[in-house]
Amino acid sequence: MSVSINVTVNGRGYQEEVEPRLLLADFLRDVLGLTGTHVGCDTSGCGACTIIVDGKAVKSCTLLAVQADGADLTTIEGLASNGALHPLQEGFHEEHGLQCGFCTPGMIMAAWQLLERNPNPSDAEIRHALEGNFCRCTGYENIVKSVRAAAGSAA
Amino acid sequence: MIDTKTATYKVLGTRPVRHDGVDKVTGRANYGADFHLPGMLHGKVLRSPHAHARIRSIDTSAAAALDGVFAVVTGDDFPSDTPSEVSANVVMCRGHVRYQGQPVAAVAASTPTIADQALELIEVDYEVLPHVTDVWESAQGKVIIDPELRTDGDESAPPSNISNTNVFDAGDVEAGFAAADVIIEHEYDSATIHQGYIEPHACVARWGEDGNVLLWVSSQGHFAIRDLTAGQLGIAPSRIKTIPAEIGGGFGGKTTVFLEPVAILMAAKTGRPVKMVMTREEVFISSGPAPGSHIRLKMGATKDGRITAVDADLWYESGSYPGPLMGLGMMCLTAPYEIENYHIKGYNVLINKPFMRPYRAPLAPNAAHATETIIDEICEQIGMDKIDFRLKNAAKEGTKAAYGPVYPRIGMVETLQAAKAHPHYSAPLGPNQGRGVASGFWMNIGGDATANISVLPDGRVSLITGRPDIGGSRAAQAMVLAEELGISVDEINPSIGDTDTVGMNGISEGSSTAYASSMAIHEAAMKLKDELRDRAAQVWEADKEQVTWKDGAAHLNGGSNGSGEPLSLRDLAGSSSQTGGPLGAEAAINARFAAPAFGTHICDVEVDQETGKVDVVRYTVCQDAGRALHKSYVEGQYQGGAAQGIGWALNEGYYYNEQGVMENAGFLDYRMPVALDLPMIDTVVVEVPNPKHPYGVRGVGENAIVAPLATVANAVANATGVRLCQVPMSPDRVLEGILTHKAANGS
């Protein structure tokens, strides 16, 4: 059995037939081919699959694709506009906010929500906002710096 | 060899942005699970629910009959004659299950869902056997895992779980203790832990009727993956073109094969590409975590601060099969110090857990935990500054290490001096806070490296190497070439070649990548510069000796041809067909003379006296890099290693239930540090150049995880008066220690 869903992803509308138990993360990766959304654990532990659903940062492995019917989604692939990186992408790039880069898309999407809510966060606020996202490589210092840089440049 | 002490560099030591950065911040970079081929099947593995069992029979008929299932395989489908029985059984069990999670069958199906359904239809009849998941109990041998195993191959001995032992001996230990004013002895325990890379293991395999295989894989070394996979399948390595995906962390855990031989076997059986991706639970229970340990350490010292003797036994888990790692722990136990009298014995212990693999400076943190906390206690007893004590005993050039070599120029003393001079060491502490300091050693390795350079038509330069880039090594490698050619790092295209595109390269392990690759690039760049001068001389019809290479161009130095305009890489590429053909150079080397690295860490903790929760409030890493090629990436290695060490010290560990089943096989229960758990980790990049490397590089990746266990433990002791000899120092253990301490002191 499959279910028809309509979603907007990175500004483009899609109508797709999906299995009812298909995870949103797998829908993005396997159906739409948006493999920038990474899966590190499938139990909402790591945050690598974080995307924006109707303006909120959500771990896309905790949602079924059918639950996103009618929703407006932004993934890491949709963050840059007109060929220019988003300030957060710039920040992570310039401030060496990644080593292996696997957690990076999720980190950026979680940070995106923080900056939406709080354009000028303190370091403590940045660390708090990213507490749902694991990075095993960096020790987080350069990630905090990257978000700080993005906040500064957006201001 | 360049005089690395006085060399000045334009590019090395700076902080350029990485070449692969845009792909990684836009989601375009392809990791192991991101490949999709037409007609691709999805492979899944059935894993043993039992920690120890014999397989009486496996019935796969119902699974094979399910619509959408293309192949079902068990151990019987693999060649019985393989180079490694251990690897064979880790890939697919051949009858004797030794850990929960061991693969017993696999399925390839048209969708992951059908593959999962098929796994449920496989009937395995197990004879469940007694198991052991505690290293000390296993060493006692009440439950025997392999009835054939005899310690050190001694056929006259009874069966044992201790596969092998080793001893480092020197001086007169008894006399050493007799000369000591203070002697302390403890037993230390460390839990089994996981490397915790965020990307689960993943690969895609494609097989052809000509016997040639394409394998896309996320690993720390695709040449090694190729060779190990070929061995397990009984095919020639040259038949498996192995293509490196971007790798989402490894830390030693992605140096071997789990899924790859299974995927290829099922691709061969079905004629379709097969993709396999582990779940996080599978990563925990059936990849290669890092050994837990039980260590007894006795150390003596004089009241003026000289270590007089060390006597130690180290029991390390090797996991389900005899492994190669135990000696590394023995090496690291006393390596930062000059000690005359020691007896160090290591025991490699089988246990019903996955086969243990390296994790960043493998086994060293466990050993340093014991040594560096006992030193802390000795300092307290004799009333000596903890860094002064270490300075007094520090290994230097000429010190003979317990594991054999006499040290070349090393930087142990310099890291101690850097720590002592750091404001952190003398900063005031708040209430319920304590400070710890500890040092760590790691040997570093080198190995095979090939670098291939081509000048492109527009004057940019392609650089192909073959060790997977885990933390920015492509950028560091491009910096080396940019330095030599006198061009910008942005004018270089660095890439990691597949096994058919570039010559042999070792694994990105042992802090070897920047070290070995930069040696190969250096050599290739020297060849290329020589060639470029030759080509320019041809253009100018001058002698090569009249041509110098500087700032990315050939310059003619006077002579009868005058001093023409400099010829750039683009100019020379444009005329290359007339001067001898495409411009390029290659070097294939074995990088020897890797030099040990030392580090000294300082940590402040604040301990909640009512809950036992420990917060790290300040942390500083002082580590000798030899030479930092890319400053930010070196600092990043220090910070990342320290963060992992802090997680190990305070939270991480495998918990097994009475059935030998891991209870916390997920990120919610196996708690690694998040940003909120850590303070800013300050770094001091000490540079004592390695005299045998063209740029002085030592290797930086691993050392930073060695000291944190002891550093944090010493800080907790300083804050609470409680000496815990166990990691993780979880809140329950810390609280129990505080309550016991209070009861003993009548408060």
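For clarity, every value in this text was computed on a predicted model and none was experimentally measured.

Visitor: Can you help me understand the packing of aromatic side chains in this one?
Guide: Aromatic ring pairs are reported here in terms of the distance separating the ring centres and the angle at which the planes meet. Evaluated as defined, the whole model comprises 17 aromatic pairs over all chains. Pairing Trp-136 of chain B with Trp-315 of chain B gives two aromatic rings, centres 4.8 Å apart and planes at 85 degrees, and the pair type is edge-to-face. Here Trp-136 of chain B, found in helix α5 (residues 135-140), pairs with Trp-315 of chain B, found in strand β14 (residues 307-319); they are 179 residues apart in sequence, far enough to count as distant. For Trp-136 of chain B, a relative accessible area of 36% translates into the label partly exposed. A relative accessible area of 10% places Trp-315 of chain B in the buried class. A network of ring pairs unites the aromatic residues Phe-134 of chain A together with Phe-284, Tyr-654, Tyr-656, Phe-667 and Tyr-670 of chain B as a single cluster. If you follow Lys-298 of chain B out to its NZ or CZ, it ends over the ring of Phe-177 of chain B, 4.4 Å from the centre.

Visitor: Just to check I follow, could you spell out the sheet that holds strand β6 (residues 123-128) of chain B for this structure?
Guide: Backbone-to-backbone hydrogen bonds pair the strands of a sheet. The strands run either parallel or antiparallel. Residues and elements named next belong to chain B. Read across the sheet, three strands follow the order β4-β2-β6 without closing on themselves; strand pairing throughout is antiparallel. A single partner strand is all that each edge strand has here, and the edge strands are β4 (96-97) and β6. Bridge analysis of strand β2 (residues 53-59) against β6 gives six bridges, and the strand direction is antiparallel. By the bridge assignment for β6, Asp-59 is matched with Glu-123.

Visitor: In this structure, what is going on with the sheet that holds strand β18 (residues 461-465) of chain B? I would like to understand it.
Guide: Residues and elements named next belong to chain B. With mixed pairing, the four strands of this open sheet are ordered in space as β19-β18-β17-β23. The open sheet has two free edges, formed respectively by β19 (492-496) and β23 (584-591), since each of these has just one partner strand. When strand polarity is set aside, the average angle formed by the axes of neighbouring strands in this sheet is 15 degrees. By the bridge criterion, five bridges tie β18 to β19 in an arrangement that is parallel. When the sheet's bridge partners are listed, Ser-462 is paired in β19 with Asn-493.

Visitor: Even after reading the chapter, I still don't get the pairing of β19 of chain B, so can you show me in this structure?
Guide: The side chains of a regular strand alternate, residue by residue, between the two faces of the sheet. Judged by which residues are buried, β19 of chain B turns out to be one-sided: Ile-492, Pro-494 and Ile-496 of chain B face inward and are buried, whereas Asn-493 and Ser-495 of chain B, on the alternate face, are not. Where the polypeptide runs from β18 of chain B across helix α15 (residues 473-485) of chain B and back to β19 of chain B, its parallel neighbour, the crossover connection is right-handed.

Visitor: Would you explain α15 of chain B in this entry?
Guide: Helical geometry: 3.6 residues make up each α-helical turn, so side chains three or four residues apart lie on a common side. Residues and elements named next belong to chain B. Helix length check: α15 (13 residues) gives 18 Å between terminal C-alpha atoms against 18 Å at 1.5 Å per residue, within 8%. Within α15, 13 of the 13 residues are buried, which leaves the element mostly enclosed by the surrounding structure. Trailing α15 by a residue or two, Gly-486 shows a phi angle of about 70 degrees, which is positive.

Visitor: Would you mind going over the domain arrangement of chain A with me for this structure?
Guide: Interface size is often expressed as the accessible area that is lost when the parts come together. All names here are of chain A. The domains assigned to chain A are domain 1 (3-78) and domain 2 (87-154). A separation of 21 Å is found between the C-alpha centroids of domain 1 and domain 2. At the interface, 18 residues of domain 1 touch 14 residues of domain 2. Counting each side, the surface lost to burial between domain 1 and domain 2 is near 1,200 Å², with a carbon and sulfur contribution of 64%. Looking only at domain 1, the three residues that lose the most surface to domain 2 are His-38, Ile-52 and Ile-76, adding up to 39% of its buried area. Taken together, domain 1 and domain 2 are joined by zero salt bridges. Between domain 1 and domain 2 we count five residue pairs in polar contact (both at pLDDT 80 or more) in total. When residues of the side of domain 1 that touches domain 2 are traced back to their parent elements, those giving at least two are β3 (50-53) and β4 (56-59).

Cut-off values and rules
- Residues numbered from 1 in each chain as written.
- Chains lettered and ligands numbered in written order.
- Predicted model: local features only at pLDDT ≥ 70, side-chain atom pairs only at ≥ 80, totals over all residues.
- Heavy atoms only, no water.
- Phe/Tyr/Trp six-rings, centres within 6.5 Å; stacked < 30°, edge-to-face > 60°.
- Helix = DSSP H or I, 4+ residues; strand = E, 2+ residues; numbered from the N terminus.
- Buried < 20%, exposed > 50% of the residue type's maximum accessible area, 1.4 Å probe, protein only.
- Lys NZ or Arg CZ within 6 Å of the ring centre and 35° of its normal.
- Pairing = 2+ DSSP bridges.
- Axes fitted to C-alpha atoms, helices over the stretch in contact; angles between N-to-C directions.
- Right-handed = clockwise from strand over helix to strand, strands pointing away.
- Expected span 1.5 Å × (residues − 1).
- Domains from an automatic or database assignment.
- Contact = heavy atoms within 4.5 Å.
- Buried area = accessible area lost by both parts, 1.4 Å probe.
- Salt bridge = Lys/Arg side-chain N within 4 Å of Asp/Glu carboxyl O.
- Polar contact = N/O pair within 3.5 Å; in protein donor to acceptor, adjacent residues only side chain to side chain.

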